[in-house]
Amino acid sequence: YEHVFSSARDKGVAFWDLPGYSRSVYAEDHALLTPESRVWAPNTYGWFVFVVEGNIQVKRTTGSKTIDLAANDYAYFPPGSNDTLTSVMGAGLCIFERVYSKKGKPGFQHGTTDDRPVLPVDPEVFVLRKLLPVSDEYDFNIHVMDFEPGQYLYVKEVHYNQHGLLLLQGQGIYRLGNNWYPVQAGDAIWMPPFVLQWYAALGSQNSRYLLYKDTNMDPLLSP
């Protein structure tokens, strides 16, 4: 995923650092955040950590075990976790955090993306993997979705689930409401409940994105 933290851009979707120019958009029903307008801030607590590049070590407080995570690996830290993350050489991470909204006791999870089973999505054509258990005590899940160039979402989705998305690889067009955006690796998107959403992969490289999704929650009771 070298384009997530790099200024390199594929041909055909080259956006130079023009003075005053940004593709970022914040609207009432969606947001697109592109690398040229990022403001970096420290992350002091994260529930779901995905390693985009580099290596990290997870030190569990329950025992002396240390877990090594490389690019494409992930870990979920349940509420109240005091585990620590370190990196000797530095790493690029995508972190999703939220206030836990259930009454269960979800457990610590970790793994490698490509070791997760591919799930059926008929009539869609993309490849879907879910990184967290689908059991009731988890109030969100993380999906990894892969598209070959020219593939697109069959359903123009509208639903109550909220999304956060990081495009890890590739480029394409994302529809949010009645707006159409060219997107590429390194772009992040926020989608609130009920916004119309659709994606098509373009270019010569496969697209892969990381998608946060609310799950197992009553939409009438959710914040």
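Relevant structure appears above.
First, a word on what this report is: a plain description of the structure on this page. Nothing here was measured: the structure is a model prediction, and the numbers come from that model.

## Some remarks on the nonpolar core
Among the nonpolar cores identified, the biggest contains 22 residues, and Tyr174, Tyr199 and Tyr209 are the most heavily contacted of them. Of all the secondary-structure elements, those providing two or more residues to this core are strand E11 (140-147), strand E12 (163-169), strand E13 (171-176), strand E14 (179-184), strand E15 (188-191), strand E16 (197-202) and strand E17 (207-214). Here this core takes 4 residues from E16, the largest share from any one element. In this structure, Phe48, Tyr76, Tyr100 and Leu132 belong to the second largest nonpolar core, which totals 21 residues.

## Structural notes on the environment of Gln162
Along the chain, the position of Gln162 falls in the loop between E11 and E12. It is 10.0 Å that separates the C-alpha atoms of Gln162 and Leu211, two residues lying 49 residues apart in sequence. The residues touching Gln162, leaving out its near neighbours within four places in the chain, are Trp190, Met191, Pro192, Pro193, Tyr212, Lys213 and Asp214.

## Some remarks on the environment of Ser204
Within the element layout of this structure, Ser204 appears in the loop between E16 and E17. Under the relative-accessibility criterion, Ser204 is labelled exposed at 77%. Each C-alpha atom of the pair Ser204 and Gln171 lies 8.8 Å from the other, and the pair is 33 residues apart in sequence.

## Here's the deal with the sheet that holds E16
Overall, antiparallel pairing links the 3 strands, which are arranged E14-E13-E16 in an open sheet. Of all strands in the sheet, those with a lone pairing partner are E14 and E16, marking the two edges. Adjacent strand axes in the sheet meet at a mean angle of 20°, parallel and antiparallel pairs treated alike.

Analysis parameters
- Residues numbered from 1 in each chain as written.
- Predicted model: local features only at pLDDT ≥ 70, side-chain atom pairs only at ≥ 80, totals over all residues.
- Heavy atoms only, no water.
- Core = buried A, V, L, I, M, F, W, Y, C linked by side-chain atoms within 4.5 Å.
- Buried < 20%, exposed > 50% of the residue type's maximum accessible area, 1.4 Å probe, protein only.
- Helix = DSSP H or I, 4+ residues; strand = E, 2+ residues; numbered from the N terminus.
- Contact = heavy atoms within 4.5 Å.
- Pairing = 2+ DSSP bridges.
- Axes fitted to C-alpha atoms, helices over the stretch in contact; angles between N-to-C directions.

The values reported here are purely geometric and, on their own, carry no functional implication.
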